[in-house]
Amino acid sequence: RHYGDSEKPRCGGCDELIFSNEYTQAEGQNWHLKHFCCFECDCILAGETYVMENDKPVCKPCYMKNYAVKCSSCQNAVEPEAQRVSYGDYHWHAEPQCFKCSGCSKCLIGQRFMAVKNFLCCSVECKKKIMA
Ligand SMILES: [Zn+2]
Ligand SMILES: [Zn+2]
Ligand SMILES: [Zn+2]
Ligand SMILES: [Zn+2]
C-alpha cells in the first residue's frame, strides 16, 4: 500500500487519491463523483438510484430501457427496487394484480403455485382451464 492511503480515500475507478471533499461511496469503495457513472449514458450516479449489472453501475432510466426484466403478467418492466418473483426465465411483479392464478385470479404471493411457461396456476383444476 502507498503512503497516504489512510488519509485520503482512493477512487475505485481511476485508482487515484480523492482530494475533493465531495465524493461518493458505493459498492464498498470510494469514488470521484465523476468516476461513478452510468456505464450506458455516463450520468453521475451520486445520490441516484442505480443498479449493478455485470459489475457495471447503470442508472435507473438506462436500466429500465436496457436491462429490466418484463413482468410476464402486465408486460411492464419491473423497477429495480420493486419486489419481484422469478421462476425460470419468467418474472412477475410481486403484486396481487400480477402474481396471480391465470385461471381464477387468486393471488399467489406466498402460496403454492404451478407455472406453465408464463402462466401461473393455483391448482390442477386451474391448470386444466388454462391449457384447454
Ligand atoms: Zn477517480
Ligand atoms: Zn444511464
Ligand atoms: Zn406486472
Ligand atoms: Zn386458480
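Heads up: the structure comes first, above all this text.
Residues numbered from 1 in each chain as written. Chains lettered and ligands numbered in written order. Predicted model: local features only at pLDDT ≥ 70, side-chain atom pairs only at ≥ 80, totals over all residues. Heavy atoms only, no water.

Visitor: Sorry, what's going on with the side chain of Asn30 here?
Guide: By secondary structure assignment, the location of Asn30 is in strand β2 (residues 29-32). What makes Asn30 buried here is its relative accessible area of 18%. Only 3.0 Å separates the side chain of Asn30 from the side chain of Gln25, close enough to count as a polar contact. With residues near it in sequence (within four places) discarded, Asn30 still touches Pro9, Arg10, Cys11, Gly12, Ile18, Tyr23, Thr24 and Gln25. (Helix = DSSP H or I, 4+ residues; strand = E, 2+ residues; numbered from the N terminus. Buried < 20%, exposed > 50% of the residue type's maximum accessible area, 1.4 Å probe, protein only. Polar contact = N/O pair within 3.5 Å; in protein donor to acceptor, adjacent residues only side chain to side chain. Contact = heavy atoms within 4.5 Å.)

Visitor: What is the right way to look at the packing of aromatic side chains in this model?
Guide: Counting across every chain of the model gives five aromatic pairs. Residues Phe36 and Tyr50 carry aromatic rings whose centres are separated by 5.0 Å and whose planes lie at 85° to one another, so their mutual orientation is edge-to-face. Of the two residues, Phe36 is situated in the loop between β2 and β3 (50-53) and Tyr50 in strand β3; the sequence distance between them amounts to 14 residues. For Phe36, a relative accessible area of 2% gives the class buried. Where Phe99 meets Phe113, the ring centres are 5.1 Å apart and the plane angle is 85°; that geometry is what we call edge-to-face. Placement of Phe99 in the loop between β6 (90-93) and β7 (114-116) and of Phe113 in the loop between β6 and β7 is noted, with a sequence separation of 14 residues between them. According to the relative accessible area criterion, Phe113 is partly exposed, its value standing at 27%. In textbook terms, an aromatic cluster arises when at least three aromatic residues are bridged by ring pairs, as seen for Tyr87, Trp92, Phe99 and Phe113. Lys56 extends its terminal NZ or CZ atom over the ring of Phe39, reaching a point 5.2 Å from the ring centre. (Phe/Tyr/Trp six-rings, centres within 6.5 Å; stacked < 30°, edge-to-face > 60°. Lys NZ or Arg CZ within 6 Å of the ring centre and 35° of its normal.)

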